[in-house]
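# Results of the structural survey
Here is what each chain is made of, one letter per residue.
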Amino acid sequence: MFEKLRAAVTGATVDLAGQHQFTRDIKARIAGGDLEAAAVFRTGTLAAALTERGREARGQEVVDYVQAVQQADGSADRVSWFFRR
């Protein structure tokens, strides 16, 4: 039982760290003038990391962002910041 609890806490910690970095990246894009990012991303770090509803919302925001960028630019080249790691 302790191992399951430890695995759950470790998984949540990793998810939280990843979502925190992703949120920082989103904020940097918005600060840099990315209008599509400003219009689409609304889900907070904790919700995205710790709740199913938040994860689903953040995932849909990513889809919406890619579609908005593709419509605005004619390509999705600008979303390459998702894959820089």
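Heads up: the structure comes first, above all this text.
Here, residues in each chain are numbered from 1, in the same order as that chain's written sequence. Per-residue local features are limited, in this predicted model, to residues with pLDDT of at least 70; the limit for side-chain atom pairs, both in listing and counting, is 80 or more; totals at the level of whole chains, interfaces and linings are taken over all residues. The side-chain values count all of the structure's non-hydrogen atoms but skip hydrogen atoms and water molecules.

### Looking at the packing of aromatic side chains
Where we set the bar: Pairing of aromatic side chains requires ring centres within 6.5 Å, counting the rings of Phe and Tyr and the six-membered ring of Trp. Pairs whose planes differ by under 30 degrees are stacked, by over 60 edge-to-face, and all others tilted. Think of it in three bands: residues with accessible area under 20% of the maximum for their type are buried, residues over 50% are exposed, and the middle band is partly exposed, with areas taken using a 1.4 Å probe on protein chains only.
Going through the model one piece at a time under the given rule, you end up with eight aromatic pairs. For the ring pair tryptophan 81 and phenylalanine 82, a centre distance of 4.5 Å and an interplane angle of 45° mean the geometry is tilted. Overall, tryptophan 81 belongs to the buried group, its relative accessible area being 8%. Overall, phenylalanine 82 belongs to the buried group, its relative accessible area being 19%. The rings of Phe22, Phe41, Tyr65, Trp81, Phe82 and Phe83 are connected pair by pair, giving a single aromatic cluster.

### A word on the pattern of salt bridges
The cut-off we apply is this: A carboxyl oxygen of Asp or Glu within 4 Å of a side-chain nitrogen of Lys or Arg is what we treat as a salt bridge. Think of it this way: any DSSP run of H or I at least four residues long counts as a helix, any run of E at least two long counts as a strand, and we number them from the N terminus.
Going through the model one piece at a time under the given rule, you end up with six salt bridges. The salt bridge partner of arginine 6 is glutamate 3, with a shortest N-O separation of 2.9 Å. Of this pair, arginine 6 and glutamate 3 both sit in helix 1 (residues 2-31), three residues apart, which is roughly one turn of that helix. Judged by relative accessible area, arginine 6 falls into the partly exposed class, the value being 44%. Given the relative accessible area of 48%, glutamate 3 is considered partly exposed. A salt bridge links glutamate 36 to arginine 78; the nearest nitrogen and oxygen atoms lie 2.9 Å apart.

### Points about the packing of helix 1 against helix 4 (residues 52-73)
Here is the rule: Interaxial angle, 0 to 180 degrees, is taken between N-to-C directions of lines fitted to C-alpha atoms, where a helix line uses only the stretch in contact. Handedness of a helix crossing follows the sense of rotation of the near helix relative to the far helix, less than a right angle counterclockwise being left-handed and clockwise being right-handed. In this analysis, two residues are considered to be in contact whenever any of their non-hydrogen atoms come within 4.5 Å of each other. Three residue categories are used. Nonpolar comprises Ala, Val, Leu, Ile, Met, Phe, Trp, Tyr, Cys and Pro, charged comprises Asp, Glu, Lys and Arg, and polar comprises the others, including Gly.
Their axes nearest at 13 Å, the elements helix 1 and helix 4 cross at an angle of 35°. Both helix 1 and helix 4 take part in a crossing whose hand is left-handed. Side by side, helix 1 and helix 4 meet where Gln19, Phe22, Thr23, Ile26 and Arg29 of the first sit next to Arg58, Val62 and Tyr65 of the second. Taken together, the residues of the contact of helix 1 with helix 4 break down into four nonpolar, two polar and two charged.

### Looking at the side chain of threonine 43
Keep this limit in mind: Pairs of N or O atoms within 3.5 Å make up the polar contacts considered here, provided that, within protein, one atom can donate a hydrogen while the other can accept it, and that residues adjacent in sequence are counted only when both atoms are side-chain atoms.
Structurally, threonine 43 can be placed in the loop between helix 2 (35-40) and helix 3 (45-50). Among the polar contacts made by the side chain of threonine 43, one reaches the side chain of glutamate 61 at a distance of 2.7 Å. Beyond its immediate stretch of four places on either side in the chain, threonine 43 contacts Ala48, Gly54, Ala57, Arg58 and Glu61.

### Thoughts on the nonpolar core
A general tendency of soluble globular proteins is for nonpolar side chains to be buried together. This is how the line gets drawn: Note on terminology: a nonpolar core comprises buried Ala, Val, Leu, Ile, Met, Phe, Trp, Tyr and Cys residues joined through side-chain atoms within 4.5 Å.
Core analysis: the largest hydrophobic core is formed by 10 residues, namely Phe22, Ile26, Ala37, Val40, Phe41, Tyr65, Val69, Val79, Trp81 and Phe82. Apart from residues lying up to four places away in sequence, phenylalanine 22 is in contact with Phe41, Arg58, Val62, Trp81 and Phe82.

### Notes on helix 4
The condition is simple: Here the expected length of a helix is defined as 1.5 Å per residue gap, with one fewer gap than residues. Throughout, the arc means the angular range of directions from the helix axis out to the C-beta atoms.
For helix 4, which comprises 22 residues, the first-to-last C-alpha distance of 32 Å matches the rise-based estimate of 32 Å (1.5 Å per residue) to within 8%. Every buried residue belonging to helix 4 is among Gly54, Arg58, Glu61, Tyr65 and Val69, and all of these are buried. Seen end-on, helix 4 carries its buried residues on one side only, within an arc spanning 65°. In helix 4, the exposed positions angled more than 90 degrees off the buried face are occupied by Glu52, Arg53, Glu56, Gln67 and Gln71.

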